[in-house]
Amino acid sequence: MNKINPKKLLNSKWTAIKPVKKEKHFLVTEVEFDEEGEVIHCLIEAVISNRSDSIDWKALRDESSWKQGWK
């Protein structure tokens, strides 16, 4: 399980284990928090195509799908 601090999520880099549309390098470009400090919105952007998708930030913990950093 990848350890993630939600406060350091913005601008973090990720590599998809199974690339989609030949995209495997991503960057977290938006993170929104509620009043209690919980993440309510996370936007991830493909580096090559600049295609953005909303993602559940907890999905990034899954090591079978994501690796921290660009590898």
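Residues numbered from 1 in each chain as written. Predicted model: local features only at pLDDT ≥ 70, side-chain atom pairs only at ≥ 80, totals over all residues. Heavy atoms only, no water.

A.B. asks: Let's hear about the layout of surface pockets: which residues, and what values?
C.D. replies: If you add up the space inside the largest pocket, you get close to 160 Å³. Along the walls of the largest pocket sit Ala16, Ile17, Lys18, Val20, Phe26, Ile44, Arg51, Asp53, Ser64, Ser65 and Trp66, which together make up its complete lining. The element best represented in the lining of the largest pocket is strand S1 (residues 13–20), accounting for 4 residues. Of the residues in the lining of the largest pocket, the class split is 6 nonpolar, 2 polar and 3 charged. (1 Å grid on protein atoms, 1.4 Å probe; cavity = no way out; pocket = protein on both sides within 12 Å on 5 of 7 lines; lining within 4 Å. Points joined across faces, edges and corners; volume = space filled by probe spheres on them. Helix = DSSP H or I, 4+ residues; strand = E, 2+ residues; numbered from the N terminus. Nonpolar A, V, L, I, M, F, W, Y, C, P; charged D, E, K, R; others polar.)

A.B. asks: Break down the packing of aromatic side chains for me, citing the residues and quoting the values.
C.D. replies: Per the counting criterion, the structure on display carries 1 aromatic pair. With a centroid separation of 5.4 Å and an interplanar angle of 80°, the aromatic rings of phenylalanine 26 and tryptophan 66 are classed as edge-to-face. Residue phenylalanine 26 is located in strand S2 (residues 23–33), and its partner tryptophan 66 is located in strand S5 (residues 66–68); the two are separated by 40 residues in the primary sequence. With relative accessibility at 7%, the residue phenylalanine 26 sits in the buried group. When its relative accessible area of 12% is taken as the criterion, tryptophan 66 is described as buried. (Phe/Tyr/Trp six-rings, centres within 6.5 Å; stacked < 30°, edge-to-face > 60°. Buried < 20%, exposed > 50% of the residue type's maximum accessible area, 1.4 Å probe, protein only.)

A.B. asks: Report on the nonpolar core, specifying residues and quantitative values.
C.D. replies: Ranked by internal contacts, the top residues of the largest apolar core, which has 15 residues, are Leu9, Val28, Cys42, Leu60 and Trp66. Of all elements in the fold, only S1, S2 and strand S3 (39–46) reach the threshold of two or more residues within this core. (Core = buried A, V, L, I, M, F, W, Y, C linked by side-chain atoms within 4.5 Å.)

A.B. asks: Go over the pattern of salt bridges with me, naming the residues and quoting the values.
C.D. replies: It is possible for side chains bearing opposite charge to pair when their charged atoms get close. Overall, the coordinates contain 2 salt bridges when judged by the stated rule. The salt bridge involving aspartate 53 is made with arginine 51; its shortest N-O contact spans 2.4 Å. Look at aspartate 53 and you get partly exposed, because its relative accessible area is 35%. Classification of arginine 51 by relative accessible area gives partly exposed; the value is 26%. (Salt bridge = Lys/Arg side-chain N within 4 Å of Asp/Glu carboxyl O.)

A.B. asks: Talk me through the pairing of S3; I want residue IDs and the actual numbers.
C.D. replies: Here S2 runs beside S3; their pairing, made up of 7 bridges, is antiparallel. Looking at S3, one finds that glutamate 32 is bridged to histidine 41. Here S2 folds back onto S3, and the loop between the two strands holds 5 residues, one of which, glycine 37, carries a positive phi near 90°. Where S3 lies against strand S4 (residues 52–54), 3 bridges are found, and the strand directions are antiparallel. Its bridge partner being in S4, leucine 43 is matched across the sheet by serine 54. With antiparallel pairing between neighbouring strands as the criterion, S3 and S4 make up a hairpin whose turn holds 5 residues, including asparagine 50 at a positive phi of roughly 65°. (Pairing = 2+ DSSP bridges.)

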